[in-house]
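The primary structure of each chain is shown beneath.
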Amino acid sequence: MTAPLTPPHRPAPHDAPWRTPHPAPYPEGEGLDMKRELRQAAVVLVAVTLAGIVLGLLWLWLAPRVPLISTDTAVFVADTEGEESAGADGTFVLLALGFGVLSATGAFLFNRRGGIAVVAALALGGLFASALAWGTGHWLGPDQDVVAHARAVGEGVVFDAPLRLRAKAALLAWPVAAMIMHLGLTALFGPRDPEPEWAPSPAHDEPR
């Protein structure tokens, strides 16, 4: 008579009551390696930053001008009750919000899986684009030397003040809008992680 290999008080390994998860593998080509993600992030960063030139040109075209007038002693605002200064800032913010939504949509369609590098490039590119738009409008706008401009046009003649962005917080409108839009698109239409597949637990051996 031989002794049983497995003591009665110690269950065999195949009799474990728990189940072992077997995560389903990702489809081939779905996962992005780090190099590919960094390349995509670089494309997003450059494309979004260059779009700031378009924003700057639109801002220069649509922003209201602040009228100035000069005398023999100083230069004054022609309309002291005008809201052109606030209108320039508001125009920049509205345009930046629209560009933020468009850039986030484009980045999402370019890479639906997202990734930290791509999202960071979208936010950083929006900030760079806002700064580039500000510089473009300021540089291509009316003459920056107000005194020389006043002398050129003569006393009593109304001329435009340089295009300025007084509320520097407007530079955050683009990246903030892009982050919110990208987050919403990812939550609604982004790919879902596959559910893990659970292997059925083996049946317990009936005692003899």
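Look up: the structure comes first, before these words.
Parameters and conventions
- Residues numbered from 1 in each chain as written.
- Predicted model: local features only at pLDDT ≥ 70, side-chain atom pairs only at ≥ 80, totals over all residues.
- Heavy atoms only, no water.
- Helix = DSSP H or I, 4+ residues; strand = E, 2+ residues; numbered from the N terminus.
- Buried < 20%, exposed > 50% of the residue type's maximum accessible area, 1.4 Å probe, protein only.
- Areas by Shrake-Rupley, 256 points an atom, 1.4 Å probe, with all protein chains shown as cover.
- Expected span 1.5 Å × (residues − 1).
- Contact = heavy atoms within 4.5 Å.
- 1 Å grid on protein atoms, 1.4 Å probe; cavity = no way out; pocket = protein on both sides within 12 Å on 5 of 7 lines; lining within 4 Å.
- Points joined across faces, edges and corners; volume = space filled by probe spheres on them.
- Nonpolar A, V, L, I, M, F, W, Y, C, P; charged D, E, K, R; others polar.
- Phe/Tyr/Trp six-rings, centres within 6.5 Å; stacked < 30°, edge-to-face > 60°.

Student: Quick question: what am I supposed to make of the overall build of the protein here?
Tutor: Scanning the protein from terminus to terminus reveals five helices and five strands. Counted from the first residue to the last, the protein has its helices and strands arranged as β-α-β-β-α-α-α-β-α-β. Split into buried and exposed, the 208 residues of the protein put 30% on the buried side. Carbon and sulfur atoms provide 66% of the accessible area of the protein, an area that totals close to 13,600 Å².

Student: Just to check I follow, could you spell out helix α3 (residues 116-140) for this structure?
Tutor: Given 3.6 residues per turn, any residue in an α-helix points the same way as the ones three and four places further on. Between the first and last C-alpha of α3 there are 36 Å, a value that for 25 residues agrees with the 36 Å anticipated at 1.5 Å per step. Packed against the buried residues of α3 are α1 (34-62), α2 (84-110) and α5 (173-189).

Student: Would you mind going over empty space enclosed by the protein with me for this structure?
Tutor: If a probe as big as a water molecule is rolled over the atoms, it shows which places are left empty. Enumeration according to the criterion identifies one cavity of 30 Å³ or more in this entry. Put simply, the largest cavity is a space of about 40 Å³. The wall of the largest cavity is formed by Pro 64, Arg 65, Val 66, Glu 84, Ser 85, Ala 88, Ala 161, Pro 162, Leu 163, Arg 164 and Arg 166. Class assignment for the residues of the lining of the largest cavity results in six nonpolar, one polar and four charged.

Student: Which parts of the structure should I look at to understand the side chain of Ser 103?
Tutor: Secondary-structure assignment places Ser 103 in helix α2. Judged by its relative accessible area of 12%, Ser 103 is buried. Apart from residues lying up to four places away in sequence, Ser 103 is in contact with Val 48, Leu 122, Trp 174 and Ala 178.

Student: How do you make sense of the packing of aromatic side chains when you look at a structure like this?
Tutor: For any pair of aromatic rings, the description rests on two quantities: the centre-to-centre distance and the angle between the ring planes. Tallying each qualifying case throughout the model produces two aromatic pairs. Ring centres of Phe 99 and Trp 174 lie 5.3 Å apart, and the angle between their planes is 45 degrees; on these two criteria the pair is classed as tilted. Pair noted here: Phe 99 is in helix α2 and Trp 174 is in helix α5, with a separation of 75 residues, a long-range link.

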